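Letter by letter, the chains look like this.
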Amino acid sequence: ENSLVFGAFIKKVVVPDVKLKEEELKAHYEEHIKDYTYPEMMKMNTLVFERREDAEKTILTLRKGTEFQWVKANAEGQLDRNTRGILDLDGKLLTTRDLPEELKKAISGAKAGDFRLYQSSENYFYVISIQQVVPSRPQPYEEARENVAQKVYDDKLKRAVDDYADKL
């Protein structure tokens, strides 16, 4: 009963005074641009080896211009894709911030066409072929506006309730 009465009070007394101005929304967007930014993403293909030497030799072969698919079909020492603990990274556009920390370090600063070596916690050695890089970028204000407005509104409503409570 108290909750219903409080909710009705907030709707009748506090909410009507909470107004949003476009300048406030734009200012909030600019001040919190990190909150409205698309993350960096990468598309990769991988070869997974049990021995570091096989992975390093494969990277050298790829850097000399040998076709990735040919190497994938012919490189010796590759682990079966069904081996427990192997990361499935192939052909998917992945958000880099969600990847394991050591993998993020291995691919940091990579560009499409680069090859990188990554050692997993399971001691598998990945030859990573970077296929595509989509850099991090701010979401346009027009796309973020609804989320910005909700955040600013929630903040203003909370402050208004707190101010009213202080008056009481």
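Note that this is a predicted model, so its numbers are computed, not measured.

Chemist: Can you help me understand the pattern of salt bridges in this one?
Modeler: The final tally for this structure, using the stated rule, is 13 salt bridges. The shortest N-O distance in the salt bridge between Glu 56 and Arg 52 comes to 2.9 Å. Within this pair, Glu 56 and its partner Arg 52 are both found in helix H3 (residues 52–63), separated by four residues, close to a single helical turn. What makes Glu 56 partly exposed here is its relative accessible area of 35%. A salt bridge links Asp 162 to Lys 158; its shortest N-O distance comes to 3.1 Å. You can see Asp 162 and its partner Lys 158 sitting in helix H6 (residues 141–167), four residues apart, about one turn around the helix. Salt bridges sharing partners connect three or more residues here, namely Arg 51, Glu 53 and Asp 54.

Chemist: Where do I start with the packing of aromatic side chains in this structure?
Modeler: Aromatic ring pairs: the centre-centre distance and the angle between the two ring planes describe each pair. A full pass over the atoms with the stated rule returns three aromatic pairs. Residues Tyr 29 and Tyr 141 carry aromatic rings whose centres are separated by 5.3 Å and whose planes lie at 75° to one another, so their mutual orientation is edge-to-face. Separated by 112 residues along the polypeptide, Tyr 29 in helix H2 (residues 22–31) and Tyr 141 in helix H6 bring together distant segments of the chain. Like Tyr 29, the residue Tyr 141 is buried in the burial classification. Ring centres 5.4 Å apart and planes at 40° place the aromatic pair Tyr 118 and Tyr 126 in the tilted group. Grouping residues by exposure puts Tyr 118 and Tyr 126 together as buried. Pairwise contacts between aromatic rings join Tyr 29, Tyr 36 and Tyr 141 into one cluster.

Chemist: I tried to follow the sheet that holds strand E4 (residues 115–119) on my own but got confused; where do I start?
Modeler: Pairing between the strands of a sheet comes from backbone hydrogen bonds, and it takes one of two forms, parallel or antiparallel. Ordered in space as E3-E2-E5-E4, the four strands form an open sheet in which the pairing is antiparallel. Looking at strand neighbours, the two that pair on one side only are strand E3 (93–95) and E4, the edges of this open sheet. The mean angle between the axes of side-by-side strands here comes to 50°, regardless of whether they run parallel or antiparallel. Relative to strand E5 (residues 125–134), E4 runs antiparallel, the two being bridged by five bridges. Bridge pairing in E5 links Gln 119 to Phe 125. This element, H3, spans strand E2 (41–49), E4 and E5 of the sheet and lies at about 170° to E4.

Chemist: Before we go on, may I ask you to explain the layout of surface pockets in this structure?
Modeler: Left-over empty space is what a probe sized like a water molecule reveals as it rolls over the atoms. What the largest pocket holds in volume is close to 160 Å³. Along the walls of the largest pocket sit Asp 54, Lys 57, Thr 58, Thr 61, Trp 70, Val 71, Asn 74, Ala 75 and Glu 76, which together make up its complete lining. Broken down by secondary-structure element, the contributors of at least two residues to the lining of the largest pocket are H3 and helix H4 (68–74). The leading source of residues in the lining of the largest pocket is H3, at four residues. Residues belonging to the lining of the largest pocket are distributed by class as follows: three nonpolar, three polar and three charged.

Rules behind the numbers
Residues numbered from 1 in each chain as written. Predicted model: local features only at pLDDT ≥ 70, side-chain atom pairs only at ≥ 80, totals over all residues. Heavy atoms only, no water. Salt bridge = Lys/Arg side-chain N within 4 Å of Asp/Glu carboxyl O. Helix = DSSP H or I, 4+ residues; strand = E, 2+ residues; numbered from the N terminus. Buried < 20%, exposed > 50% of the residue type's maximum accessible area, 1.4 Å probe, protein only. Phe/Tyr/Trp six-rings, centres within 6.5 Å; stacked < 30°, edge-to-face > 60°. Pairing = 2+ DSSP bridges. Axes fitted to C-alpha atoms, helices over the stretch in contact; angles between N-to-C directions. Contact = heavy atoms within 4.5 Å. 1 Å grid on protein atoms, 1.4 Å probe; cavity = no way out; pocket = protein on both sides within 12 Å on 5 of 7 lines; lining within 4 Å. Points joined across faces, edges and corners; volume = space filled by probe spheres on them. Nonpolar A, V, L, I, M, F, W, Y, C, P; charged D, E, K, R; others polar.

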